[in-house]
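# Examination of the molecular architecture
Spelled out from the first residue to the last, the chains are:
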Amino acid sequence: MFVLKSFFCYWLSLSLIKEMTLLSLISKKIKKILEILLLIYFLGIIFYIKLSHFYIIALLIPFSSILLLLFFLKNQAEKNLFSQLCSLILPLESSMKSGLSFINAWQKSLKEVKSKKFKDKLQVFTQIFQYQKEFHYPEDKQVELFIKDLILIYNSTNPLKRLQCLKRKIKVELAFRVKSQRALLQVRVQSGILCFFYTGLLIWTITVHGQKYLSLIFISLSLFIVGLIWILKTGNQMKWSV
């Protein structure tokens, strides 16, 4: 039964790695490295770890870690897409000042994008400007709002003026983001220190007392997780003046 559970968790972890590759979040070389490390880890569990009440944790660690990595890489990819969109404002403005229409200026700006992955994503928006009236991008609200602003610019009678307004708006938003990230960093560092000390105390308690106080450990861990989530959520909801 233990071996079957191990193979099931191994298969789940491999599926997540494949998903990251299909989404172009990792290269094929990184995919192979992760698969090899995963195989070594599970072989080590099967042959060297004795059965205990905590073996299921060892089985779930790779899956949980890869799942967190997947969410992190997706989030970073969307942030990079938004940054790439913001970087197109200046070449767009320059091309439109030289007499090009918005759509021609947009296509000219896309030719200067070096990353093929980003260029393919941005190229999709060209058809949206021309044919689609409504646009929804659930992966990232910022990207959705940005493209909606560009659609309004495309349909505007004075696109250059509206583009310059968008440039000022993005400048203010980026300044706010830098300031808020600095404040959030302090909250996350403090939370990380708390997690470090709590994890150490938890390991010491389990090592010394074993399963004697499992119910109390579970209650303590639950309260700690709830408190940590509350702290991080409160930090994200804080507002700062620009």
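This structure is a prediction, so every number in the text was calculated from the model and none was measured. (Residues numbered from 1 in each chain as written. Predicted model: local features only at pLDDT ≥ 70, side-chain atom pairs only at ≥ 80, totals over all residues. Heavy atoms only, no water.)

## What to know about the overall build of the protein chain
Counting its regular elements, the protein chain contains nine helices and zero strands. Element order for the protein chain, N to C, with α for helix and β for strand: α-α-α-α-α-α-α-α-α. Contacts spanning at least 24 positions in sequence make up 61% of the contacts within the protein chain whose residues lie at least 6 apart. In the form shown here, the protein chain has an accessible surface area of approximately 16,700 Å², with 67% of it arising from carbon and sulfur atoms. (Helix = DSSP H or I, 4+ residues; strand = E, 2+ residues; numbered from the N terminus. Contact = heavy atoms within 4.5 Å. Areas by Shrake-Rupley, 256 points an atom, 1.4 Å probe, with all protein chains shown as cover.)

## Topic: the side chain of Ser109
Summarising the element assignment, Ser109 is placed in helix H5 (residues 102–111). Apart from the residues within four sequence positions on either side, Ser109 is in contact with Leu88, Pro91 and Leu92.

## What to know about the confidence of the model for the protein chain
Per-residue pLDDT for the protein chain averages 78, and the proportion of residues at 70 or more is 87%. Confidence, expressed as mean pLDDT per element, reaches its minimum in the protein chain at helix H9 (residues 214–237) with 74 and its maximum at helix H4 (residues 89–97) with 88. (pLDDT = per-residue confidence, 0-100.)

## Brief notes about H4
Buried within H4 we find Ile89, Leu92, Glu93, Ser95 and Met96. Take H4 and look down its axis: the buried residues cluster within an arc of 165°, on one side only. Away from the buried face of H4 by more than 90 degrees, exposed residues Leu90 and Lys97 are located. (Buried < 20%, exposed > 50% of the residue type's maximum accessible area, 1.4 Å probe, protein only. Arc of directions from axis to C-beta.)

## Some remarks on helix H6 (residues 116–131)
An ideal rise of 1.5 Å per residue puts 22 Å on 16 residues; H6 measures up with 23 Å between its terminal C-alpha atoms. Burial in H6 covers these residues: Phe118, Leu122, Phe125, Thr126, Ile128 and Phe129. Looking straight down H6, one finds its buried side chains confined to an arc of 165°; they lie on one side. Residues of H6 that are exposed and point more than 90 degrees away from the buried face comprise Lys116, Gln127 and Tyr131. (Expected span 1.5 Å × (residues − 1).)

## Considering the pattern of salt bridges
This model, assessed by the stated rule, comprises six salt bridges. With a closest N to O distance of 2.9 Å, Glu93 and Lys167 form a salt bridge. Of this pair, Glu93 sits in helix H4 while Lys167 sits in helix H8 (residues 159–209), and the two are 74 residues apart along the sequence. Owing to a relative accessible area of 7%, Glu93 belongs among the buried residues under this scheme. A salt bridge links Glu144 to Lys141, with the nearest nitrogen and oxygen atoms 3.7 Å apart. (Salt bridge = Lys/Arg side-chain N within 4 Å of Asp/Glu carboxyl O.)

## Observations regarding the environment of Val3
Looking at the secondary structure, you find Val3 in helix H1 (residues 2–22). Overall, the relative accessible area of 39% leaves Val3 in the partly exposed class. Placed 43 residues apart in sequence, Val3 and Ile46 show a C-alpha to C-alpha distance of 6.6 Å.

## Here's the deal with a nonpolar patch on the surface
The grouping of Leu185, Val189, Ile193, Phe196 and Phe197 at the surface amounts to a nonpolar patch, some 550 Å² of accessible area in total. Within the secondary structure layout, Val189 lies in helix H8. On the accessibility criterion, Val189 (44% relative accessible area) is partly exposed. (Patch = residues over 30% accessible without salt bridge, like charges linked within 9 Å, V, L, I, M, F, W, Y side chains within 5 Å.)

## Some details on the packing of aromatic side chains
A complete count under the given rule lists six aromatic pairs for this structure. Here the aromatic rings of Tyr10 and Phe42 are separated by 5.5 Å at their centres, their planes lie at 70°, and the arrangement is edge-to-face. Highlighted residues: Tyr10 in helix H1 and Phe42 in helix H2 (residues 28–48), separated in sequence by 32 residues. Across the pair, exposure class does not vary: Tyr10 and Phe42 are buried alike. Residues Tyr41 and Phe42 carry aromatic rings whose centres are separated by 5.7 Å and whose planes lie at 85° to one another, so their mutual orientation is edge-to-face. Three or more aromatic residues link up through ring pairs in this structure, and these residues are Tyr10, Tyr41 and Phe42. (Phe/Tyr/Trp six-rings, centres within 6.5 Å; stacked < 30°, edge-to-face > 60°.)

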